[in-house]
Amino acid sequence: MAKVIGIGETVFDILFKNDTPVKAVPGGSVYNCIISLGRCGVPAEFISEVGDDRIGRIILEHLRENNVDTSAVCCFSGGKSPLALAFLNENNDAEYIFYKDYPNNRLEVEFPAIKEGDIVVYGSYFVLNPVLRAKTKAFLEYAHEQGAVLFYDINFRKKHVTERIKLAEALIENLELADIVRGSADDFRYLYEMDDAEKIYNQKIKFYCPNFIFTSGDGDVRLFTKDGSARYPVKPIEVVSTVGAGDNFNAGVVYGLMTMGISRDALPAMTQQQWDRVMDCGLDFSAHACTLIENYVDKEWAAEYKLKG
């Protein structure tokens, strides 16, 4: 049976509202996506690293409780599990402060076997980081060679703007390996000082990857493929937190692909109706996540959504 493999950073998120902590949960961009997929019954594995400490043990147990295989999560000594403080503003958007203490030797794990039909989700600084790049690139190239669908969430944060030139080669390699790229308006403002979705696709994405999803907060989601483009309005909701909005959009897109059995070979032949179904799943997952003070869809909603088909 096909599975989803995520590769990305793991942090322990402490959420603040009005400078008061209101929730503490494991997180990370790809982590959040994988937890939501595990809750929906999708076979899932995660490649990451945590400290051999109390926070690390909480994170590992959380993954297992949500049906995610932790065989490829490196549990390191000589450092501490990273923390992320997320401060929600009046619009419930988050500003982050990170605290990290990694050892010299990192991501010392045996990568899982990949087969055709699997989906690999990757993104953020984790797959650009020069310290980890040789290992993450080798895994992504292996997954590509095995015929997996590679879903790349750029998720480029403001704090890395000064590294844009240094990271450009790794970014392009990630785009070249991808079968679907998702990026937010913020990503492209930080990377290229661009905000026009069509220009971004034609000038920065299309040459490397034909399938591109552009999100912009509460603005329309844009889909670009070799056959054209489409717009999808976000679902109206009362927002509690946007921390997991993009991550869960990714989870919904992957869920749609998995439930329809879309392989890499099938991607170029996808109909507009199939893309509509995939994008609707993404919007459903994202909208639900924004109603929670948590980073992922809740278990009851996941069970109902799975039954809905």
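K.L.:
I'm lost on the environment of Tyr-142 in this one. Help?
P.N.:
With respect to the element layout, Tyr-142 can be found in helix α3 (residues 133–145). Judged by relative accessible area, Tyr-142 falls into the partly exposed class, the value being 29%. Here the alpha-carbon distance between Tyr-142 and Phe-111, two residues 31 residues apart in the chain, equals 9.8 Å. Ignoring any residue separated from it by four or fewer positions in sequence, one finds Tyr-142 in contact with Pro-112, Ala-113 and Ile-114. At 3.0 Å, the side chain of Tyr-142 forms a polar contact with the backbone nitrogen of Ile-114.

K.L.:
Help me out: how do you make sense of the side chain of Asp-153 in this one?
P.N.:
Among the structural elements, Asp-153 can be located in strand β9 (residues 149–153). You can call Asp-153 buried: its relative accessible area is 2%. Once residues lying within four places of it in the same chain are set aside, the contact partners of Asp-153 are Ser-29, Tyr-122, Gly-123, Ser-124, Arg-182, Asp-247 and Asn-250.

K.L.:
What exactly am I supposed to notice about the nonpolar core here?
P.N.:
Side chains of nonpolar character tend, in soluble globular proteins, to be buried together. By size, the foremost hydrophobic cluster in this structure holds 54 residues, and its most contacted members are Val-4, Leu-37 and Leu-257. A total of seven residues in this core trace back to one element, the largest contributor, which is helix α7 (residues 245–259). Membership of the second largest hydrophobic core comes to 43 residues, among which are Val-120, Phe-139, Ala-148 and Ile-200.

K.L.:
Just checking my understanding: could you explain the sheet that holds strand β1 (residues 4–7) for this structure?
P.N.:
Within a beta sheet, neighbouring strands are joined by backbone hydrogen bonds and run either parallel or antiparallel to one another. Reading across from one edge, β5-β4-β1-β8-β9-β10-β11-β12-β13 is the order of the nine strands in this open sheet, with mixed pairing throughout. Edge positions in the sheet fall to β5 (68–76) and β13 (228–232), since each has one partner strand and no second. Averaged over neighbouring strand pairs, the angle between their axes works out to 15° when direction is ignored. The sheet contacts of helix α2 (residues 54–65) involve β4 (44–51) and β5, and relative to β5 the element is tilted by about 165°. Across the sheet, helix α5 (residues 185–192) touches β10 (180–184) and β11 (212–215), and the angle it forms with β10 is around 85°.

K.L.:
How should I be thinking about the packing of α7 against helix α8 (residues 272–289) in this particular structure?
P.N.:
The description of two packed helices rests on the angle between their axes and on the distance between the axes. Packing of α7 against α8 brings their axes to within 7 Å, and their N-to-C directions diverge by 145°. Considering only the axes of α7 and α8, their crossing is right-handed. For the pair α7 and α8, the contacting residues are Ala-245, Asn-248, Phe-249, Ala-251, Gly-252, Val-253, Tyr-255, Gly-256, Leu-257 and Thr-259 in the first and Arg-277, Val-278, Met-279, Cys-281, Gly-282, Leu-283, Phe-285, Ser-286 and Ala-289 in the second. Classifying every residue of the contact of α7 with α8 gives twelve nonpolar, six polar and one charged.

K.L.:
Looking at this structure, I do not really get the packing of aromatic side chains. What am I missing?
P.N.:
The geometry of two aromatic rings is summed up by the distance between their centres and the angle between their planes. Inspection of every chain in the model, using the stated rule, returns 19 aromatic pairs. On the numbers, 5.3 Å between centres and 85° between planes, the contact of Phe-285 with Tyr-305 is edge-to-face. With a gap of 20 residues between them, Phe-285 in helix α8 and Tyr-305 in helix α9 (residues 299–308) connect regions that are remote in the sequence. In this structure, Phe-285 and Tyr-305 share a single accessibility class: buried. Centre to centre, the rings of Trp-301 and Tyr-305 are 4.7 Å apart; their planes meet at 20°, and the pair counts as stacked. Of the two residues, Trp-301 and Tyr-305 are both situated in helix α9; the distance of four residues between them amounts to about one turn of the helix. Neither Trp-301 nor Tyr-305 differs from the other in exposure class; each is buried. Sitting over the ring of Tyr-102, Arg-106 keeps its end group 3.6 Å from the ring centre.

K.L.:
I keep staring at the pairing of strand β12 (residues 221–225) and nothing clicks. Help me out?
P.N.:
Every regular strand shows the same layout, with side chains that alternate between the two sheet faces. Along β12, five of the five residues are buried, which leaves the element largely enclosed by surrounding structure. On β12, burial covers both faces: Val-221, Leu-223 and Thr-225 on one face and Arg-222 and Phe-224 on the other are all buried. Across three bridges, β11 lies against β12 in antiparallel orientation. Paired with Phe-212 across the bridge in β12 is Phe-224. Count of turn residues in the β11/β12 antiparallel hairpin: five residues, of which Gly-217 carries a positive phi of about 65°.

K.L.:
For this particular structure, what's the right way to read the state of the cysteines?
P.N.:
As used in these notes, a disulfide is a covalent bond between sulfur atoms, one from each of two cysteines. Scanning all chains against the criterion turns up zero disulfides. Unpaired in this structure, Cys-75 has its nearest cysteine sulfur neighbour in Cys-74, at a distance of 7.2 Å. By relative accessible area, which is 40% here, Cys-75 ends up partly exposed.

Cut-offs used in this document
- Residues numbered from 1 in each chain as written.
- Predicted model: local features only at pLDDT ≥ 70, side-chain atom pairs only at ≥ 80, totals over all residues.
- Heavy atoms only, no water.
- Helix = DSSP H or I, 4+ residues; strand = E, 2+ residues; numbered from the N terminus.
- Buried < 20%, exposed > 50% of the residue type's maximum accessible area, 1.4 Å probe, protein only.
- Contact = heavy atoms within 4.5 Å.
- Polar contact = N/O pair within 3.5 Å; in protein donor to acceptor, adjacent residues only side chain to side chain.
- Core = buried A, V, L, I, M, F, W, Y, C linked by side-chain atoms within 4.5 Å.
- Pairing = 2+ DSSP bridges.
- Axes fitted to C-alpha atoms, helices over the stretch in contact; angles between N-to-C directions.
- Left-handed = near helix turned anticlockwise from the far one by under 90°.
- Nonpolar A, V, L, I, M, F, W, Y, C, P; charged D, E, K, R; others polar.
- Phe/Tyr/Trp six-rings, centres within 6.5 Å; stacked < 30°, edge-to-face > 60°.
- Lys NZ or Arg CZ within 6 Å of the ring centre and 35° of its normal.
- Disulfide = S-S within 2.5 Å.

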